[in-house]
Amino acid sequence: MRSRSARLAAGLCLAALSLPAGAEEPRFDATLELGTELRVFPKDPAYGSQRDRALSPSLYLEPEFTADWNGGDDRLTLVPYARFDRDDDRRAHADIREANWLHIGDGYDLVVGADKVFWGVTESRHLVDIINQSDAVEDVDLEDKLGQPMVQLAVPSDWGTASFFVMPYFRERTFADRRARLSGGARVDSSASYDSSAEEFHPDLAVRWSQVIGDFDIGLSHFHGTSREPRLLQLDAGDPTNLTQHYDLIDQTGLDLQYTTDAWLWKLEAIGRGGHGDYFGAAVAGFEYTLFGIAGTDMDLGLLAEYQYDGRTENGDAPGVLGNNDTFIGTRLTLNDVDDSSLLAGAVVDNEDGSALLSLEAERRIGDSWKVEAVARFFAMGQAQNSAYGLRRDSFVGLTLIRFF
Amino acid sequence: MGNLQRLLALAVLAVSPVLQSAYAESPEDKGLAIAEETDRRDLGWGDSDVVMQMILRNAEGESSVRDLRLRSLEVPERKLGDKSITVFNKPRDIEGTAFLSHTRILDPDDQWLYLPALKRVKRISSKNKSGPFVGSEFAYEDLVSQEVDRYAYKWLRDEACGEAAPDRECFVVERTPLYEHSGYTKLVSWVDKQDYQPRKVEFYDRKDALLKTLLMLDYRQYQGQYWRTHRMDMVNHQTGKSTTLTFEDYSFKVGLSEDDFDKNRLKRVQ
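Reading the values: the criteria
Residues numbered from 1 in each chain as written. Chains lettered and ligands numbered in written order. Predicted model: local features only at pLDDT ≥ 70, side-chain atom pairs only at ≥ 80, totals over all residues. Heavy atoms only, no water. Phe/Tyr/Trp six-rings, centres within 6.5 Å; stacked < 30°, edge-to-face > 60°. Helix = DSSP H or I, 4+ residues; strand = E, 2+ residues; numbered from the N terminus. Buried < 20%, exposed > 50% of the residue type's maximum accessible area, 1.4 Å probe, protein only. Lys NZ or Arg CZ within 6 Å of the ring centre and 35° of its normal. Salt bridge = Lys/Arg side-chain N within 4 Å of Asp/Glu carboxyl O. Contact = heavy atoms within 4.5 Å. Polar contact = N/O pair within 3.5 Å; in protein donor to acceptor, adjacent residues only side chain to side chain. Nonpolar A, V, L, I, M, F, W, Y, C, P; charged D, E, K, R; others polar. Pairing = 2+ DSSP bridges. Axes fitted to C-alpha atoms, helices over the stretch in contact; angles between N-to-C directions. Patch = residues over 30% accessible without salt bridge, like charges linked within 9 Å, V, L, I, M, F, W, Y side chains within 5 Å. Areas by Shrake-Rupley, 256 points an atom, 1.4 Å probe, with all protein chains shown as cover. Lys, Arg positive; Asp, Glu negative; His and termini not counted. Core = buried A, V, L, I, M, F, W, Y, C linked by side-chain atoms within 4.5 Å. Disulfide = S-S within 2.5 Å.

A. Quick peek at the packing of aromatic side chains. Summed over all chains, the structure comprises 24 aromatic pairs over all chains. Judged by centre distance (4.7 Å) and plane angle (65 degrees), the rings of Phe 170 of chain A and Tyr 247 of chain A are edge-to-face. Pair noted here: Phe 170 of chain A is in the loop between strand E7 (160–167) and strand E8 (187–194) and Tyr 247 of chain A is in strand E12 (residues 239–247), with a separation of 77 residues, a long-range link. As far as the burial class goes, Phe 170 of chain A and Tyr 247 of chain A line up, both buried. Aromatic rings pair up to connect Tyr 222, Tyr 226, Phe 247, Tyr 250 and Phe 252 of chain B into one cluster. Its end group placed over the ring of Phe 396 of chain A, Arg 39 of chain A keeps NZ or CZ at 4.5 Å from the ring centre. Geometry around Tyr 81 of chain A places Arg 97 of chain A over its ring, the cationic atom sitting 4.1 Å from the centre.

B. How the structure looks around the pattern of salt bridges. The final tally for this structure, using the stated rule, is 65 salt bridges over all chains. The residue Asp 87 of chain A makes a salt bridge to Arg 53 of chain A at a minimum N-O spacing of 2.5 Å. Residue Asp 87 of chain A is located in the loop between strand E3 (74–85) and strand E4 (93–104), and its partner Arg 53 of chain A is located in the loop between strand E1 (27–40) and strand E2 (55–69); the two are separated by 34 residues in the primary sequence. On the basis of relative accessibility, which here comes to 35%, the residue Arg 53 of chain A falls in the partly exposed class. With its nearest N and O atoms 3.3 Å apart, the salt bridge here joins Asp 110 of chain B to Arg 123 of chain B. Here Asp 110 of chain B is found in strand E5 (residues 110–115), whereas its partner Arg 123 of chain B is found in strand E6 (residues 120–124), with 13 residues between them in sequence. Residue Arg 123 of chain B is classed as buried on the basis of its relative accessible area of 5%. Salt bridges here are not isolated pairs; linked through shared partners, they connect Glu 37, Arg 39, Arg 83, Asp 85, Arg 91 and Glu 138 of chain A.

C. Broad picture of the interface of chain A and chain B. Facing 49 residues of chain A, the contacting portion of chain B comprises 33 residues. Where chain A meets chain B, there are 10 salt bridges. Lys 119 of chain B is the partner of Glu 98 of chain A in a salt bridge, and the nearest nitrogen-oxygen pair spans 2.7 Å. Applying the counting rule to chain A against chain B returns 20 residue pairs in polar contact (both at pLDDT 80 or more). Top contributing element to the side of chain A that touches chain B by residue count: E1 of chain A, with four residues. Grouping the amino acids of the side of chain A that touches chain B by side-chain chemistry returns 16 nonpolar, 12 polar and 21 charged.

D. The arrangement of the pairing of strand E15 (residues 277–291) of chain A in detail. Residues and elements named next belong to chain A. The sheet contact formed by strand E14 (residues 264–275) and E15 spans 11 bridges and is antiparallel. In the strand pairing of E15, Gly 275 is matched with Gly 277. Sheet topology note: the E15/strand E16 (residues 300–310) ladder contains 10 bridges and is antiparallel. Bridged to Glu 288 within E16 is Leu 304.

E. Quick peek at the sheet that holds E8 of chain A. Residue and element names in this part refer to chain A. A sheet is described by the order of its strands in space; here three strands give the open sequence E8-E12-E11, paired in mixed fashion. Either end of the sheet is taken by a strand with one partner, and the two such strands are E8 and strand E11 (231–236). Taking each pair of neighbouring strands and ignoring which way they run, the sheet shows an average axis angle of 40 degrees. With five bridges connecting them, E11 and E12 associate as antiparallel partners. Bridge assignment links Gln 234 to a residue of E12, and that residue is Leu 243.

F. Here's a closer look at unusual backbone geometry. Residue Lys 90 of chain B is joined to Pro 91 of chain B through a cis peptide bond whose omega torsion reads 0 degrees. Positionally, Pro 91 of chain B belongs in the loop between strand E3 (83–90) and strand E4 (98–102). Of note in the backbone geometry, Ala 295 of chain A takes a positive phi value of approximately 50 degrees without being a glycine. Mapped onto the fold, Ala 295 of chain A is located in the loop between E15 and E16. Of note in this structure, Lys 119 of chain B is not a glycine but carries a positive phi near 60 degrees. Locating Lys 119 of chain B in the fold gives a position in the loop between E5 and E6.

G. Local environment of the environment of Trp 209 of chain A. Residue and element names in this part refer to chain A. Considering the arrangement of structural elements, one finds Trp 209 in strand E9 (residues 204–213). Residue Trp 209 is classed as partly exposed on the basis of its relative accessible area, which comes to 31%. In this structure, the C-alpha to C-alpha distance between Trp 209 and Pro 149, residues 60 residues apart in sequence, is 21 Å. There is a polar contact of 2.7 Å between the side chain of Trp 209 and the backbone oxygen of Trp 159.

H. Geometry of a nonpolar patch on the surface. All names here are of chain A. There is a patch of nonpolar side chains on the surface, built from Leu 38, Val 40, Leu 55, Leu 358, Phe 378 and Val 397 and spanning about 440 Å² of accessible area. Within the secondary structure, Val 397 is located in strand E21 (residues 396–404). Overall, Val 397 belongs to the partly exposed group, its relative accessible area being 35%.

I. Just the side chain of Glu 306 of chain A, in detail. Residues and elements named next belong to chain A. Inspection of the secondary structure assignment puts Glu 306 in strand E16. One buried charged residue, Glu 306, forms no salt bridge at all, with the nearest opposite charge on Lys 267 at 5.0 Å. A distance of 2.6 Å separates the side chain of Glu 306 from the side chain of Ser 124, its partner in a polar contact. Ignoring any residue separated from it by four or fewer positions in sequence, one finds Glu 306 in contact with Thr 122, Glu 123, Ser 124, Arg 125, Lys 267, Val 284, Ala 285, Gly 286, Asp 326, Thr 327 and Phe 328.

J. A look at the nonpolar core. With 42 residues, the main nonpolar core has Met 54, Phe 133, Phe 203, Leu 214, Met 232, Leu 245 and Phe 247 of chain B as its most contacted residues. Of all the elements, strand E11 (residues 210–222) of chain B adds the most residues to this core, at five residues. Beyond its immediate stretch of four places on either side in the chain, Phe 247 of chain B contacts Val 50, Val 51, Met 52, Thr 229, His 230, Arg 231 and Met 232 of chain B. Formed by 15 residues, the second largest nonpolar core is a distinct cluster that contains Val 117, Val 128, Ile 130 and Ile 271 of chain A.

K. Quick peek at the pairing of E6 of chain B. Residue and element names in this part refer to chain B. As defined by bridge partners, E5 adjoins E6 across five bridges and the pair is classed as antiparallel. Considered in E6, the bridge of Tyr 114 is made with Val 121. Hairpin connection from E5 to E6: four residues lie between these consecutive antiparallel strands, with Lys 119 at a positive phi of about 60 degrees.

L. Main features of the state of the cysteines. Residue and element names in this part refer to chain B. In this structure the tally under the stated criterion is one disulfide over all chains. Note on cysteine connectivity: Cys 161 is disulfide-linked to Cys 170, with sulfurs 2.0 Å apart. Between Cys 161 and Cys 170, the S-S torsion sits near 105 degrees, and that sign places the bridge as right-handed. For Cys 161, a relative accessible area of 3% translates into the label buried. In this structure Cys 170 comes out as buried when scored by relative accessible area, which is 0%.

Dropping the structure here:
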């Protein structure tokens, strides 16, 4: 007995010695991002159901808790999120952006839990990116995402990285309250219908391969499961503004490709999708060209142009889409200053009816723990058939002041 | 006896490439030999991990601070450059932003940026070698690994190293960038004769005017062989701005591999 406990003690001492010197494990870290936003809507709303408020304040907080051990090879991350909005009950919402365990093993990475995953290369539309549901009440650009529960395994090799995803639970898209701005005057019911009898518990699967070959970055992916894009169905024939979400089972194959040469980035995203009516293809292709150190300064000016095509049948069994034959042009100004100031301005123009979505995003740090962001979105709508027509009087400017703790 | 003397002389020449170059006499050969000796003395470090602090000062003396962590992987082939990942910790709004570089010699480097807010990895253009790195007085090309074959060399003279190493003698070597898109016409380096480490570098802009001066201070030796500076002071003479880099907690051979410098791993680094 004595010798056994001695061996145990010796073993424990050895284990303690094998830890990196000076590193206290596990290591905990907690941070907080707190933002206050003011949206300014210069025009009266288009629909009588919408509240006429020119100034719309809101506040969000996003804490982040992490713990890591094994020299960072194991990590627990928790990122809750909450927004309080005075004028939109749906935009006042909470989410778990991340709650996962990451393990970096010998020749593989494993993530279990809610996570965010981004795929793709283009700027104006994210066709290939399909893992996470969009948090559509945060912003109309659909770049904010809800945390997706998953088991994710990535295996790097000389032949590229293969990633496998199993997603046991699906999350519905969020929509603005009918009485709020950016709702298009519609009420989207929060109880969705599904193709799958398992509804939101249908196990979705995805696989992706990505590789760098010289100046090319290539990604190939396939997704089988519940579409992240809902069809909006009319609930009651008498009220066209009363809608419900329907989620189809789809199969989507995606390709993303970037060729980087000199100051040029050439980009392509393409998908083929089955399950939304007839099988269709869609693509975004374009470039970003950067003028470095313009006019003898430290500033860089990027010129962007992309073409958006989508082959889905209009008014068919696929969700409506804006970018079916559209052109995006934009410019990115990076000051390369101490405050990391930058500005991105762009316009997506519908090649058929001339409708345009103009947007401007600017940001700059103030001191060490503050940051200011400005965003402006203008909806210049041509014809009533355009699916963004409902937003024609909801152009807005948003200012956000962020404090980091 | 005459033969033995000659043999000894040849042996001395063979083990001392710099001595050899001194006999070769051409300033270009001597400059290259000094660079090769610097490079040779640093071979075999494998991989490293270091915590960096960057203090940026403007002409009025106002300062701001960045905390970064730099992991590097030595790529032994002379025709290939080293790999590195820079992860930002402060300021808080850029926490988690990571920059991956696979250095080439004369070809453009392969570079990726990881943006944590979108969880997005972007391949970026590496044409911008002469632009400021995160608003500092260091250009991107000042920070990436100094590969021998990126420059042409010319030994100018020997003299005291000056303020960065007051008690040492230095080789003064002029370097001309051979890679495209450099922001400099030439660099003049003071390399100390004892350890073959640069102590001071002067940077000349495209108009051949003195742009910046870099002092490299507080050298410490690791694993009985590898010298690393723990403080770099860069002063821009044209703007009055300056940047100080300090290095802490250097560790070598921590077990990093090619996989850790893959773009798909960027979102996992911390």
